[in-house]
Structures are given as structure tokens and as C-alpha cells.
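# Breakdown of the fold
Chain by chain, the residues run as shown.
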Amino acid sequence: MFASMILAFCGIWLTNMEEQSNLSGKLIFEQTSNQGADFDRTIITNADTTITIELKDGFWKIPEAHDYYANFALANALFMNMNQSRYFIEIDTKDKTLAEFKLLMPGKGDASSSGTLIQTFANGKVLDEVLIGKNTEDNLYTYVRKKDDNHVWLVNNDFTLPQKLYSWFQQPLLNYAPEQIKTISSDFNGQEIEYTRTTNREPYTNQKGEKESLTLFADVFSFLTFQEVVPEENFNPEEYPLHRDFEITLFNGLVTQIRLFSTQEQKTFWAQIKISANRLPTRGVNDYIKNNSFYYDGWLFKLAPETGYILFNTLAQKEQ
């Protein structure tokens, strides 16, 4: 009986060793790739936060952000890496610890030692659980291990992932190059302010004939990002007594209406956005509105304080 137990133990140990050696060349998210048609959720956990990306109503959404839309480019890059990354070679860790490869479980060490845990699911069933560590010095490979396995492997893809929740939102909120903007209008103390130009090489001119470059103001829209997002029904405008309305019209006819809410101290800013077209839009503008308006309709977006301050005060200060 004792001999049988030893033989059984050895058999299990040899099987595990063989399984480890046979990982070379295999997909690290093998089950996810095999069940790609049913794959519907991934959870990304790092030292700072947990991000869930879940397939709902045909879109990848983020439950931690009221089911707002996930960044398509980031999610697509992650899923492509999942579908292509393979175990390259097992590392002889010698006297090194998992912390040196940044492969401790999130929460088990400081941020410099813990990795990023990626878990994939299909219909509530766990498919793969892989811990992503740091890159090699030449940035050609990434250290990884399975969640319940301390064997360290190199994989042939870079799994550098954003650490903050807002980086996974569909960003940027607006992306208008300064030369695209034709007209900027606002309401200040009940008076309509308008700066416009006929070509993108000219400065803006207001109703008084005064010329302004508005460079700082216009540059904000070249990559306007946001930090938080809430549905309209969860937003209380009474907490933000100050507000300003803007309208940005591009040369192609796209019109963006922005209502900006602020606290009395002007330290917190939320934006409500609607896109439409003027009477003479160029070809493709109406299709753009149709394909993108749902990113804005029914949502409010928290802006960085510096960005919100520029938008809230630039035009008003020029009119004083």
C-alpha cells in the first residue's frame, strides 16, 4: 500500500511536470480562444482597481461605470493579444521571487511587486486566469504565470494595460483638431457670444469685430477626456449651481452642444453633450451622428479640473 502511494504520487508529479513542459507554444488563453463565440466577460484586477468588461446588448461595457461603453481600441487590442499570445519558454527562477517578476497576486504586495490578473468567462464559467507581470528589459516578452501555478513563463506579446478605470472608457470624449473648428459660441449673462471665421487659417472674430486666436480654448477639444461618467438620472444639478452653455461648429457642419456644470468653488466640472448637424453638413456628418450620438445621449462626464476651468472661464474673461 505504501509503495502504491509513492507510485501514485510520482505519477501525478510526472504528469504535472509533463503538462508544464508541454505548455511551450500553447496559447496562454487557450480556453478563451477555444470558446471565443461564448466569451462574454473579462475581469482585470491590478493593485489600484478592478475593471470588468462585459458584453451587453452587442457592446462591451463597464459595470463599474454604470455600464458605460468600453474603449473599443483598448478592448480589441486586449482580445487580439489573448487570441495570439503563446507560452514561449519557462524561466529558471533560481533564487528569484515572484515579486521580482512583478507576479504577486494583486493585494498580496505593493504595486511594484504585484501583477495584473486577467480572468475570462463564458456564461458565468471561468475560462482562463492568467497573471501578467513586467516586460523583459528589451520589451520583447512579458513574464506571466497561471493564477494557481508559480511557474514563470515568457510570452511573445506585450500586455501593458492601463491601470486606471477611466482609461478603459470610450476615450476621448471629443477629438476635434483646432483647424476643424469654425465657430465657437456661448451664453454669458444672457448675452450670446460668438467667435467665427471663414477659413481655418484666420483668427476668430467676435460680433464687435475683435480678433482672437482662442488657441488654448480650441486645443482642449483636440483630445478632451473624462474621469467619471454617470447616467442623467444619477446626476443632481442642484449640487452644481454654476453652468455655462457652449456650441462648437466644425467646418463640416457638425455641431456640438455642451452644458458645463460647476460647483461654486469651480473645482469640479461635469459636461453634458449633444451632437447634431447644421443646415449644410458635408457628406458623412449625419452618419457620424447616427453612429456616435449614443456615447453622449443620457450621460454626464466629469472633466479634469484644469480642463473644466479653461472651458468655463476663457470666453467669459474675454467679454469682461
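The rules behind the values
- Position labels on residues start from 1 in each chain and follow its written sequence.
- Note on the predicted model: pLDDT of at least 70 is required for a residue's local features to be given, and 80 or more for side-chain atom pairs to be given and counted; whole-chain, interface and lining totals, by contrast, use all residues.
- Only hydrogens and water are set aside when side-chain values are computed; all heavy atoms of the structure are taken into account.
- Here, nonpolar core refers to any group of buried Ala, Val, Leu, Ile, Met, Phe, Trp, Tyr and Cys residues whose side-chain atoms link them within 4.5 Å.
- The buried label applies to any residue whose accessible area, calculated with a 1.4 Å probe on protein chains only, is under 20% of its type's maximum; exposed applies above 50%, and partly exposed to all values in between.
- Contact between two residues is taken to exist if any of their heavy atoms lie within 4.5 Å; hydrogens are not considered.
- A run of DSSP states H or I qualifies as a helix once it reaches four residues; a run of E qualifies as a strand once it reaches two. Both are numbered from the N-terminal end.
- Counting of polar contacts relies on pairs of N or O atoms within 3.5 Å, with two restrictions inside protein: one atom must be capable of donating a hydrogen and the other of accepting it, and residues adjacent in sequence are counted only when both atoms are side-chain atoms.
- Summarising the geometry, the arc corresponds to the directions from the helix axis toward the C-beta atoms.
- Any carboxyl oxygen of Asp or Glu that lies within 4 Å of a side-chain nitrogen of Lys or Arg is treated as forming a salt bridge with it.
- Here, any two strands with at least 2 DSSP bridges between them count as paired.
- A helix is expected to reach a length of 1.5 Å times the quantity of its residues less one.

### Points about the nonpolar core
A general tendency of soluble globular proteins is for nonpolar side chains to be buried together. One finds Tyr68, Leu78 and Phe221 to be the most contacted residues of the largest nonpolar core, which totals 65 residues. Residues in contact with Leu78, not counting those within four places in the same chain, are Thr42, Ile44, Ile118, Phe159, Leu161 and Trp168. Ranked by size, the runner-up nonpolar core spans 9 residues in total, among them Met105, Leu117, Leu131 and Leu154.

### A few points about the side chain of Asn157
Within the secondary structure, Asn157 sits in the loop between β9 (153-155) and β10 (181-188). Given the relative accessible area of 18%, Asn157 is considered buried. One polar contact links Asn157 to Asn81, side chain to side chain, over a distance of 3.4 Å. The residues contacting Asn157, other than those within four sequence positions of it, are Asn81, Gln84, Ser85 and Thr142.

### As for helix α5 (residues 285-292)
Burial in α5 covers these residues: Val285, Ile289 and Asn292. Axial view of α5: buried residues confined to an arc of 90°, hence all on one face. Exposed residues on α5 whose side chains face more than 90 degrees from its buried face are Asn286, Asp287 and Lys290.

### Regarding the environment of Lys94
Within the secondary structure layout, Lys94 lies in the loop between β5 (87-90) and β6 (116-122). As a C-alpha pair, Lys94 and Leu78 span 16 residues in sequence and 31 Å in three-dimensional space.

### A few points about the pattern of salt bridges
A complete count under the given rule lists 6 salt bridges for this structure. Lys56 serves as the salt-bridge partner of Asp67, at 3.0 Å between the closest nitrogen and oxygen. Taken as a pair, Asp67 in the loop between β3 (59-62) and β4 (68-69) and Lys56 in strand β2 (residues 50-56) lie far apart in primary sequence, 11 residues in all. For the salt bridge of Lys147 with Glu129, the shortest nitrogen-to-oxygen distance reads 3.4 Å. Of the two residues, Lys147 is situated in the loop between β8 (142-146) and β9 and Glu129 in strand β7 (residues 125-135); the sequence distance between them amounts to 18 residues. Looking at Glu129, the relative accessible area reads 22%, which means it is partly exposed.

### Quick look at the sheet that holds β7
Pairing is antiparallel across the open sheet formed by 9 strands, whose spatial order is β4-β3-β2-β1-β6-β7-β8-β9-β5. Sheet topology places β4 and β5 at the edges, where each strand pairs with a single neighbour. Note: β3 against β4, 2 bridges, orientation antiparallel. Residue pairing for β4: Lys61 is matched across the bridge by Tyr69.

### Notes on unusual backbone geometry
Cis geometry is adopted by the peptide bond preceding Pro172, which originates at Gln171 and carries an omega value of -5°. Along the chain, Pro172 turns up in the loop between β9 and β10. In the Ramachandran plot, Asn123 falls in the positive-phi region, its phi being about 55° despite a non-glycine side chain. If you trace the backbone, Asn123 turns up in the loop between β6 and β7. Note on Asn123: relative accessible area 62%, which makes it exposed. Despite not being glycine, Gln266 has its phi angle at roughly 55°, a positive value. Checked against the element boundaries, Gln266 lands in the loop between β16 (254-262) and β17 (269-277).

### Focus: the environment of Ser167
Looking at the secondary structure, you find Ser167 in the loop between β9 and β10. By relative accessible area, Ser167 is classed as partly exposed at 25%. For the pair Ser167 and Ala70, spaced 97 residues apart in sequence, the C-alpha to C-alpha distance is 9.1 Å. The residues touching Ser167, leaving out its near neighbours within four places in the chain, are Asn71, Leu74 and Pro162.

### A word on helix α3 (residues 72-84)
Given a rise of 1.5 Å per residue, 13 residues ought to cover 18 Å, and the 18 Å separating the end C-alpha atoms of α3 matches this to within 8%. Inspection of α3 places Ala75, Leu78, Phe79, Asn81 and Met82 among the buried residues, and these make up the whole buried set. Projected down its long axis, α3 carries its buried residues within an arc of 155°, all on one side. In α3, those exposed residues whose orientation departs by more than 90 degrees from the buried face are Phe72 and Ala73. Looking at the buried residues of α3, the elements they touch are α2 (30-34), β1 (39-45), β2, β3 and β6.

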